[in-house]
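Coordinate analysis (summary)
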Amino acid sequence: MNETAMTRREWLLTDRPQSRLQARLGRAYVTWRRFAANRLAVIGLLIILALIVLAVFAPLLAPHSPYVGDLAKSRLLSPDATHWLGTDDQGRDILSRLVYGSRLTLQVVLLVAIIAAPLGLLVGTVAGYAGGWVDAVLMRITDIFLAFPKLVLALAFVAALGPGIGNAIIAIAITSWPPYARIARAETLTVRNSDYISAVRLMGASPWRIVLRHIMPLCISSLIVRVTLDMAGIILTAAGLGFLGLGAQPPLPEWGAMIASGRRFILDQWWVAAMPGFAILVVSLGFNLLGDGLRDALDPRGSSQ
């Protein structure tokens, strides 16, 4: 068994791969080894995997209904054997609302990443490759968005679009793409005049094909790291909008809205606001740890192990 494992390891780490598949698997294996060597990054990965499990299996894991409470008997109960994290002012189980709230958190994070990352990647690569007035116009638009604090700009867009989780996602995505555009532009400028791109250009590839097929893939690793690091900021922005009543609307169990409803009882029934706040802290920490690990693992200048 050990000999088989050693043979597979040597096959993955060979300096002369026999196929593209072998080369890709070898790079993936080296990247995983770098990532796994960072214990904090692994802890962050476990936190995010736990969030995904909670979101997927929320109906099975939640001990009570997140929407229905008992005002007569269960209002503002402290944590006990029946309600592990206590209940809120409507008699609803806080643990169940946190479990279902993980769905909203994951939804916001994924949709913002799906909208903002490709938009920023496209703007940055086009600006970096085209140069000239195209670069100037696109980067000045990017600078306008960067000039405003993200939360303030998101508040303005939500106020214009109206409160709701869908409009909050759109507003956060609109305010999140500029940093990705900057990163993609910087990466594009480093490879625009390289021999590799020049050879593709001499073969007759169109500018759009060069950007889409040859430049964008080179920017993806840096973009993945930045997106992962930005997840914590996205969660905090979504929670801020929910806290102000502009995000998910009642009775949806959004963590920021839960903190807003519990702030009235912060001195006597501290768990109502503290539990969703702790959930935001843990998930944000998980994304930050994961992003740091990915940054080190995907760094091409890192030493191979």
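Because the structure is predicted, anything quoted here is derived from the model rather than measured.

Before going further, it helps to spend a moment on the nonpolar core. Membership of the largest hydrophobic core comes to 63 residues, with the highest contact counts inside it found for Val112, Trp255 and Phe287. Only α3 (39-56), α5 (94-130), α7 (150-161), α8 (165-191), α9 (195-202), α10 (207-243), α11 (255-262) and α12 (271-298) provide two or more residues apiece to this core. Sequence-distant contacts of phenylalanine 287, that is, excluding residues within four places in its chain, are made with Ile48, Leu51, Val109, Thr228, Met231, Ala232 and Ile235. Counting 5 residues, the second-largest nonpolar core is a separate cluster that includes Ala58, Leu95, Val99 and Tyr100.

Residue proline 251 follows proline 250 across a cis peptide bond; omega there is 10 degrees. One can find proline 251 in the loop between α10 and α11. Located in the positive-phi region is leucine 76, a residue other than glycine, with phi close to 55 degrees. As for its placement among the helices and strands, leucine 76 is situated in the loop between α4 (58-61) and α5.

Together, Leu46, Leu49, Ile52, Val53, Leu54, Val56, Phe57, Leu60 and Leu61 make up a nonpolar patch on the protein surface, roughly 800 Å² of accessible area in all. Of all the elements, α3 adds the most residues to the nonpolar patch, at 6 residues. Structurally, leucine 54 is set in helix α3.

Right, let's talk about α11 for a bit. Most of α11 sits inside the fold, with 6 of its 8 residues counted as buried. Of all the positions in α11, only Trp255, Gly256, Ala257, Met258, Ala260 and Gly262 are classed as buried. Where α11 is buried, its residues meet α3, α5, α10 and α12. Of the residues that open α11, the one with a side-chain oxygen 2.9 Å from the backbone nitrogen of glycine 256 is glutamate 254.

Looking now at the packing of α5 against α10. Between two packed helices, both the angle of their axes relative to each other and the distance between the axes serve to describe the pair. At a minimum axis distance of 7 Å, the contact between α5 and α10 shows a crossing angle of 140 degrees. Relative to α10, the element α5 is oriented oblique. For the pair α5 and α10, the sense of crossing is right-handed. Its residues assigned to classes, the contact of α5 with α10 shows 22 nonpolar, 2 polar and no charged.

Right, let's talk about the confidence of the model for the protein for a bit. Per-residue confidence for the protein gives a mean pLDDT of 89; residues scoring 70 or more make up 96%. The secondary-structure element of the protein with the lowest mean pLDDT is helix α1 (residues 2-13), recorded at 67, while α3 shows the highest, at 95.

In the structure shown here, the tally under the stated rule is 9 salt bridges. Between aspartate 135 and arginine 185 there is a salt bridge, with its nearest N and O atoms 2.8 Å apart. With aspartate 135 in helix α6 (residues 132-146) and arginine 185 in helix α8, the pair connects residues that are 50 residues apart, well separated along the chain. We classify aspartate 135 as buried; its relative accessible area is 12%. Measuring nitrogen to oxygen at the nearest pair gives 3.9 Å for the salt bridge that ties arginine 295 to aspartate 296. For arginine 295, a relative accessible area of 43% gives the class partly exposed. Looking at aspartate 296, the relative accessible area reads 42%, which means it is partly exposed.

Right, let's get into the environment of isoleucine 183. Structurally, isoleucine 183 is set in helix α8. Given a relative accessible area of 21%, isoleucine 183 falls into the partly exposed group. With 76 residues separating them in the primary sequence, isoleucine 183 and glutamine 107 have C-alpha atoms 25 Å apart. Filtering out sequence-adjacent residues up to four positions away, isoleucine 183 remains in contact with Ser222 and Arg226.

Rules and cut-offs
Residues numbered from 1 in each chain as written. Predicted model: local features only at pLDDT ≥ 70, side-chain atom pairs only at ≥ 80, totals over all residues. Heavy atoms only, no water. Core = buried A, V, L, I, M, F, W, Y, C linked by side-chain atoms within 4.5 Å. Buried < 20%, exposed > 50% of the residue type's maximum accessible area, 1.4 Å probe, protein only. Helix = DSSP H or I, 4+ residues; strand = E, 2+ residues; numbered from the N terminus. Contact = heavy atoms within 4.5 Å. Patch = residues over 30% accessible without salt bridge, like charges linked within 9 Å, V, L, I, M, F, W, Y side chains within 5 Å. Areas by Shrake-Rupley, 256 points an atom, 1.4 Å probe, with all protein chains shown as cover. Salt bridge = Lys/Arg side-chain N within 4 Å of Asp/Glu carboxyl O. Polar contact = N/O pair within 3.5 Å; in protein donor to acceptor, adjacent residues only side chain to side chain. Axes fitted to C-alpha atoms, helices over the stretch in contact; angles between N-to-C directions. Parallel < 35°, antiparallel > 145°, perpendicular 65-115°, else oblique. Left-handed = near helix turned anticlockwise from the far one by under 90°. Nonpolar A, V, L, I, M, F, W, Y, C, P; charged D, E, K, R; others polar. pLDDT = per-residue confidence, 0-100.

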